[in-house]
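Chain by chain, the residues:
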Amino acid sequence: MPETTPGAGTAWPRLDVPDRMHGLLTAVMDLGRDIELPQVLRSIVEAAVSLTDAEYGALGVIDDRQKLSQFLPVGMTDDLVARIGPAPCGHGILGELIRNPSPLRLDDLGRHPSSYGFPPHHPPMRTFLGAPIRVRDEVFGNIYLTEKRGGGAFDADDEAVLTTLSMAAGVAVDNARLYHDSRRREHRLEALGEITRTLLAGTDADEVLRLIARRAMEVADADLAAVLLPSGPVGDLTVRVAHGDAAELVRGARLPASGSLAGLAAHTRGPVVTTDVRTDPRALRLDGAAGDEHGPVVAVPLPVDDAVCGALRLSRRAGRPGFDSTETELISGFADQAAIALELARRRAESEELAVLHDRDRIARDLHDLAIQRLFATGMTLQSATRSIEAPEAAERVARAVDDLDATIQIIRSTILQLRTSADDPRGPALRRRMAETIQLAAQHLGFTPALRIVGPVDTGVPEALAEHVLAVTAEALSNTARHARAERAEVTLSVHDPADRLVLTVMDDGAGLGSAAPTGGLLNMRSRAEQCGGAFRLDAPTGGGTRITWTAPLPVG
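Since the model is a prediction, treat every value here as computed from it, not as a measurement. (Residues numbered from 1 in each chain as written. Predicted model: local features only at pLDDT ≥ 70, side-chain atom pairs only at ≥ 80, totals over all residues. Heavy atoms only, no water.)

### Quick look at the pairing of strand S15 (residues 536-540)
Point 1. Alignment of S15 against strand S16 (residues 547-554), held across five bridges, turns out to be antiparallel. Within S16, the position partnered with Arg538 by the bridge is Thr550.
Point 2. Linking two consecutive strands that pair antiparallel, namely S15 and S16, is a turn of six residues; a positive phi of about 100 degrees is found at Gly545 within it. (Pairing = 2+ DSSP bridges. Helix = DSSP H or I, 4+ residues; strand = E, 2+ residues; numbered from the N terminus.)

Okay, structure coming up:
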């Protein structure tokens with residue numbers, strides 16, 4: 001059917017009864033041939049326009065809130081539709097048909113009490129004919145026709161034709177939906193099978209999450225999918241993986257626990273759906289930095305454990321239909337798969353860590369039972385031989401060798417102590433582990449993982465209060481690097497000097513350097529923390545460029 005039709009002043013020959021019946025039968029048969037729902041909907045409204053000699057027609061799909069989730073116009077050019085603006089959502093006469101789903105015929109729709117008027121650029125419309133499309137016991141949508149060609153009004157025959165066509169349309173829509181649902185279930189089973197095989201193969205958790213995001217987006221016909229996991233002490237959510245529109249801009253973005261649909265889904269542990277995230281007061285757009293605006297959004301909970309929950313969030317471009325209850329249920333299944341992937345990754349990590357701890361304990365035992373005993377025996381032998389050495393210089397060299405052996409024994413004992421420091425210490429996680437976690441968290445914003453070097457007994461020699469300062473200074477320094485330095489490399493060194501009386505933290509990057517600006521904000525906070533601990537803070541530029549922060553604090557004696 002052409003995009004434009006002649007105006008109301010054109011004389012159209014009226015179809016006689018046999019021609020109209022033949023056209024109606026042809027239209028019903030044509031509807032039965034289509035199995036794709038979008039094509040079925042367009043065929044319905046085009047057939048209605050043709051059989052009733054209407055100038056304009058439209059089909060509106062009703063959502064769960066009794067609003068129009070889709071609006072398909074016929075008889076207007078794309079340019080005119082764009083100038084009119086957003087599609088109607090169900091006010092005025094269109095809303096009257098939603099509230100009272102029965103055929104409605106008007107000679108002048110402007111005189112009806114529910115008339116809502118027209119937006120700018122909208123063509124004038126006077127006569128109106130509408131009828132609901134029922135799919136079994138559900139009102140799927142409505143057919144709207146306006147402006148009878150030739151200047152007349154729609155009559156009872158037009159109403160009968162439209163009512164008959166709407167009944168056939170209900171059957172066609174039901175068949176198309178059944179076909180669509182069966183295809184979607186088939187795609188879902190294929191996707192879940194692929195995900196299960198990937199999980200059983202022991203694939204990295206991030207790779208599995210990327211697969212889940214991609215397949216969920218495909219099955220739900222979305223434009224963007226993101227897996228958000230908890231980050232930080234306040235329960236904010238950070239995008240771990242993303243797939244689809246501008247995924248690279250979304251990846252790593254952080255959403256607050258309150259004020260976002262994903263945060264609401266994680267908090268309530270139930271799905272949250274909106275037809276337009278741009279106007280939903282509960283929502284904060286995730287794709288605000290992307291070029292394409294998104295409207296419909298669904299977020300479903302992704303349990304990490306009994307106390308912590310993330311979210312799987314999918315969105316579509318503005319103007320597309322919202323997510324229905326069936327799609328929400330499908331997406332929840334993918335979130336369950338993501339939760340299994342995280343649980344398996346955690347169990348694998350715990351198993352690997354347990355193996356490492358066993359290995360470390362064996363190494364510590366061997367060092368104690370073999371290396372230290374041999375070194376101690378060698379030292380005793382050298383010490384006893386010193387008395388029989390007549391040359392003073394030789395005796396002095398042997399004595400220095402004995403001192404070196406004692407120092408080596410002390411180093412090995414310190415190493416044994418570090419090896420046997422339990423990661424499950426009741427006093428809390430060891431500082432080494434917490435430093436590594438801080439580095440990994442900063443890597444999400446830096447785009448690379450800083451190098452970490454730890455020297456000395458930091459787990460046993462650094463008190464808890466000082467450890468908190470060290471972690472805060474490390475996080476602040478790396479945050480400054482991510483925001484201002486434009487660095488490609490960073491290195492963090494934490495050391496406890498021997499004798500263990502001083503802690504030194506160094507954070508260095510190869511970024512833009514200090515410039516001429518005076519230290520403010522985070523740098524002043526680092527200096528203040530050093531002063532609180534009785535230590536010092538120094539900021540300088542290494543010879544090769546970049547920035548170096550040196551933060552020191554004394555350690556308690558004894």
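### Observations regarding the sheet that holds strand S13 (residues 490-496)
Point 1. The strand order S12-S13-S14-S16-S15 describes an open sheet built from five strands, whose pairing is mixed. Of all strands in the sheet, those with a lone pairing partner are strand S12 (451-455) and S15, marking the two edges. For this sheet, the mean angle separating the axes of adjacent strands, direction not counted, is 10 degrees.
Point 2. The sheet contact formed by strand S14 (residues 502-509) and S16 spans eight bridges and is antiparallel. Residue pairing for S16: Leu503 is matched across the bridge by Ala553.
Point 3. Each of S13, S14 and S16 is contacted by helix H13 (residues 464-485), which is oriented at about 10 degrees to S14, the strand it contacts most. (Axes fitted to C-alpha atoms, helices over the stretch in contact; angles between N-to-C directions. Contact = heavy atoms within 4.5 Å.)

### Comments concerning the packing of aromatic side chains
Note on aromatic pairs: each is described by the distance of the centres and the angle between the planes.
Point 1. Overall, the coordinates contain two aromatic pairs when judged by the stated rule.
Point 2. Ring geometry for Phe128 and Tyr144: centres 6.4 Å apart, planes at 35 degrees, overall tilted. Of this pair, Phe128 sits in strand S4 (residues 128-135) while Tyr144 sits in strand S5 (residues 138-148); the two residues are 16 residues apart in sequence, bridging distant segments of the chain. This pair shows no difference in class: Phe128 is buried, exactly as Tyr144 is.
Point 3. An aromatic cluster is built from Phe71, Phe128 and Tyr144, whose rings are joined through pairwise contacts.
Point 4. It is Arg316 that lies over the ring of Phe323; its NZ or CZ is 4.0 Å from the centre. (Phe/Tyr/Trp six-rings, centres within 6.5 Å; stacked < 30°, edge-to-face > 60°. Buried < 20%, exposed > 50% of the residue type's maximum accessible area, 1.4 Å probe, protein only. Lys NZ or Arg CZ within 6 Å of the ring centre and 35° of its normal.)

### Focus: the sheet that holds strand S6 (residues 224-231)
Point 1. Pairing is antiparallel in the open sheet, where six strands are placed in the order S8-S7-S6-S11-S10-S9. Two strands close off the open sheet at either side, each with one partner strand: strand S8 (254-255) and strand S9 (272-274).
Point 2. Relative to strand S7 (residues 236-244), S6 is paired through eight bridges, and the arrangement is antiparallel. When the sheet's bridge partners are listed, Ala225 is paired in S7 with His243.
Point 3. Relative to the sheet, helix H8 (residues 261-268) contacts S6, S7, S8, S9, strand S10 (294-303) and strand S11 (309-317), its axis offset from that of S10 by approximately 30 degrees.

### Side note on unusual backbone geometry
Point 1. Phi angles above zero are rare outside glycine, and Glu147 is one such case at about 60 degrees.
Point 2. With respect to the helices and strands, the residue Glu147 is situated in strand S5.
Point 3. Positive phi, close to 55 degrees, is recorded for Asp221, a residue that is not glycine.
Point 4. Locating Asp221 in the fold gives a position in the loop between helix H6 (205-219) and S6.
Point 5. Looking at Asp221, the relative accessible area reads 44%, which means it is partly exposed.

### Considerations on the environment of Thr279
Point 1. Assignment of secondary structure puts Thr279 in the loop between S9 and S10.
Point 2. In this structure, the C-alpha to C-alpha distance between Thr279 and Gly295, residues 16 residues apart in sequence, is 8.6 Å.

### What to know about the packing of helix H5 (residues 156-200) against H6
Point 1. Contact geometry for H5 and H6: axes closest at 10 Å, N-to-C directions at 175 degrees. What the angle tells us is that H5 and H6 run roughly antiparallel. In this structure, H5 contributes Arg184, His187, Arg188, Glu190, Ala191, Glu194, Ile195, Thr198 and Leu199 to the contact, and H6 contributes Val208, Leu211, Ile212, Arg214, Arg215 and Val219.
Point 2. Broken down by class, the residue content of the contact of H5 with H6 amounts to seven nonpolar, two polar and six charged. (Parallel < 35°, antiparallel > 145°, perpendicular 65-115°, else oblique. Nonpolar A, V, L, I, M, F, W, Y, C, P; charged D, E, K, R; others polar.)

### A closer look at the side chain of Thr438
Point 1. For Thr438, the position within the fold is in helix H11 (residues 431-446).
Point 2. Note on Thr438: relative accessible area 15%, which makes it buried.
Point 3. At a separation of 2.9 Å, a polar atom in the side chain of Thr438 contacts the main-chain carbonyl oxygen of Arg434.
Point 4. Ignoring sequence-local partners within four residues, the contact set of Thr438 consists of Leu471, Thr474 and Ala475. (Polar contact = N/O pair within 3.5 Å; in protein donor to acceptor, adjacent residues only side chain to side chain.)

### Quick word on H5
Point 1. When the terminal C-alpha atoms of H5 are compared, their 65 Å separation across 45 residues agrees well with the 66 Å that a helix rising 1.5 Å per residue should span.
Point 2. Looking one or two residues beyond H5, the residue adopting positive phi is Gly202, at roughly 75 degrees. (Expected span 1.5 Å × (residues − 1).)

### Some remarks on the pattern of salt bridges
Point 1. A full pass over the atoms with the stated rule returns 23 salt bridges.
Point 2. Ionic pairing is found between Asp223 and Arg317, a salt bridge with its closest N-O pair at 3.3 Å. Of the two residues, Asp223 sits in the loop between H6 and S6 while Arg317 sits in strand S11, which places them 94 residues apart along the sequence.
Point 3. The exposure class assigned to Arg317 is partly exposed, which follows from its relative accessible area of 36%.
Point 4. Here Asp245 and Arg317 are joined by a salt bridge, their closest N and O atoms 3.1 Å apart. Placement of the pair is Asp245 in the loop between S7 and helix H7 (247-250) and Arg317 in strand S11, with a sequence separation of 72 residues.
Point 5. Linked through salt bridges whose partners overlap, the residues forming this network are Asp221, Asp223, Asp245, Arg317 and Arg320. (Salt bridge = Lys/Arg side-chain N within 4 Å of Asp/Glu carboxyl O.)

### So, the side chain of His469
Point 1. Tracing the chain through its elements places His469 in helix H13.
Point 2. Under the relative-accessibility criterion, His469 is labelled buried at 16%.

### Topic: helix H9 (residues 325-386)
Point 1. Compared with an ideal rise of 1.5 Å per residue, which puts 62 residues at 92 Å, H9 spans 88 Å between its outermost C-alpha atoms and is within 8% of the ideal.
Point 2. At Leu367, H9 shows its largest kink, close to 35 degrees.
Point 3. Its side-chain oxygen 3.2 Å from the backbone nitrogen of Thr326, Asp324 forms the N-cap of H9. (Bend = angle between axes of the 7 residues up to and from the residue.)

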